[in-house]
Amino acid sequence: MIKLIAPEEMIHMRTVGRMMANLLNACCDRVRPGVTTGEIDTFARAYLTTLGDGTACSGCLGYNGYPGVLCISVNEEVIHGIPGARVLQRGDIVSLDVCGSYHGYYGDNTRTVVVGGAKAATTEVRRLLRVTRQSLETAVKAIRPGVHLSDISYLVEKTVAEGGCTVVREYTGHGVGRHLHEDPPVPNYGKPGKGPILHEGMTLAIEPMVNLGKAAVRVLSDGWTVVSRDGLPTAHFEYTVAVLKDGAEILTPWYEVDPWSADWMKS
Ligand code: MF3
Ligand code: CO
């Protein structure tokens, strides 16, 4: 069942959305050569306690036993990478997936950044990042009441295919509100004109997971980390959005003031 957020409740979704976006930004600012993913996790844990009245919680920590405050997935790791001793190196691409709750509402957002900035990545990896980001932005721009959910899914897939990359099919976006994962699932592929129709008050996590090579993925023996089967790099961008009368409101607005986002779009 798809649960709606009433207009007077939306303030809570905006609040937690901004908190999670700020946390994601702060974690991205800590991505640099020599830093371990565990150090970023430790930072995130402390940062959460500084938000609002101090009761903000990670949505990852303890979720089916997941041990991290956030997910950090490097290079061929698609999602659910566990923070630890791995030392980040110049040119690595790092997906930071930050979700959490505040006063009973959840926000969820992700971005992939390059260690050392966009110039440290190959042209191919920059294309992967650009295409993934564009697929998210294109999908979000198409969101408004009355469109089918699968119209959004279709747009993601189309944008990714036109950019010469592939969509991961085993994992999807999702409704998000009073729980981290709610109906409906939001696949990143599909035929237009199918599935639920979007209504004002729906809140959704839109999150294309995109591979540079083939679409196939597998789960590592840690039971969590999802990697591309061919070992090629993979990217992930995510916003939590609200469906409003005139279109989508991005509830997790990241800053655009980092050196990466300015450079991706240029190729
Ligand atoms: N943010 C992730 C999502 O969209 C949540 C990961 S939960 C974890 O589903 F346990 F895997 F971390
Ligand atoms: Co999500």
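Nothing here was measured: the structure is a model prediction, and the numbers come from that model.

Q: Pulling in residues and values, what's your account of the sheet that holds strand E3 (residues 77-79)?
A: Reading across from one edge, E3-E12-E11 is the order of the 3 strands in this open sheet, with antiparallel pairing throughout. The sheet is open, and its two borders are formed by E3 and strand E11 (217-219), each paired with just one other strand. When the angles between neighbouring strand axes are averaged without regard to direction, this sheet yields 40 degrees. Note: E11 against strand E12 (residues 226-228), 3 bridges, orientation antiparallel.

Q: Quick one: what's the story with the pairing of strand E14 (residues 239-244), residue by residue and with numbers?
A: Taken across its 6 residues, E14 has 5 buried, putting it largely inside the fold. Sheet topology places strand E9 (residues 203-206) next to E14; 4 bridges connect them, and they run antiparallel. Counted as the bridge partner of Thr203 is Ala242 from E14. The sheet contact formed by E14 and strand E15 (residues 247-250) spans 4 bridges and is antiparallel. Its bridge partner being in E15, Ala242 is matched across the sheet by Glu249. Here E14 hands over to E15 after 2 residues, the two strands then running antiparallel side by side.

Q: Tell me about the coordination of the cobalt ion (ligand 2), residues and numbers included.
A: Distances from the cobalt ion (ligand 2) to its protein donors, Asp108 (OD), His174 (NE2), Glu207 (OE) and Glu238 (OE), fall at 2.1 to 2.3 Å. Counting residues between consecutive donors of the cobalt ion (ligand 2) along the chain gives the motif D-x65-H-x32-E-x30-E. Here Glu207 is found in the loop between E9 and strand E10 (209-211), whereas its partner Glu238 is found in the loop between strand E13 (234-236) and E14, with 31 residues between them in sequence. The same class applies to Glu207 and to Glu238, which are both buried.

Q: Could you give an account of the site of ligand 1, with specific residues and numbers?
A: Around ligand 1 lies a shell of 13 residues, among which Asp97, Asp108, His174, His181 and Glu207 are the nearest. At a separation of 2.9 Å, an oxygen atom of ligand 1 approaches a polar side-chain atom of Asp108. With respect to ligand 1, the side chain of His174 contributes an N or O atom lying 3.1 Å from an oxygen atom. Relative to its unbound accessible area of 330 Å², ligand 1 is 95% covered by the protein chains. Per-class residue counts for the shell around ligand 1 are 6 nonpolar, 3 polar and 4 charged.

Q: Go over the side chain of Ser150 with me, naming the residues and quoting the values.
A: Within the secondary structure, Ser150 is located in helix H4 (residues 149-162). On the basis of relative accessible area, Ser150 is assigned to the buried category, the value being 11%. A polar contact is formed between the side chain of Ser150 and the backbone nitrogen of Gly193, at a distance of 3.2 Å. Those residues in contact with Ser150, other than ones at most four positions away along the chain, are Lys191, Pro192, Gly193 and Lys194.

What counts and how
Residues numbered from 1 in each chain as written. Chains lettered and ligands numbered in written order. Predicted model: local features only at pLDDT ≥ 70, side-chain atom pairs only at ≥ 80, totals over all residues. Heavy atoms only, no water. Pairing = 2+ DSSP bridges. Helix = DSSP H or I, 4+ residues; strand = E, 2+ residues; numbered from the N terminus. Axes fitted to C-alpha atoms, helices over the stretch in contact; angles between N-to-C directions. Buried < 20%, exposed > 50% of the residue type's maximum accessible area, 1.4 Å probe, protein only. Donors = N, O, S within 2.8 Å, 3.2 Å for Na, K, Ca; no water. Near = heavy atom within 4 Å. Polar contact = N/O pair within 3.5 Å; in protein donor to acceptor, adjacent residues only side chain to side chain. Areas by Shrake-Rupley, 256 points an atom, 1.4 Å probe, with all protein chains shown as cover. Nonpolar A, V, L, I, M, F, W, Y, C, P; charged D, E, K, R; others polar. Contact = heavy atoms within 4.5 Å.

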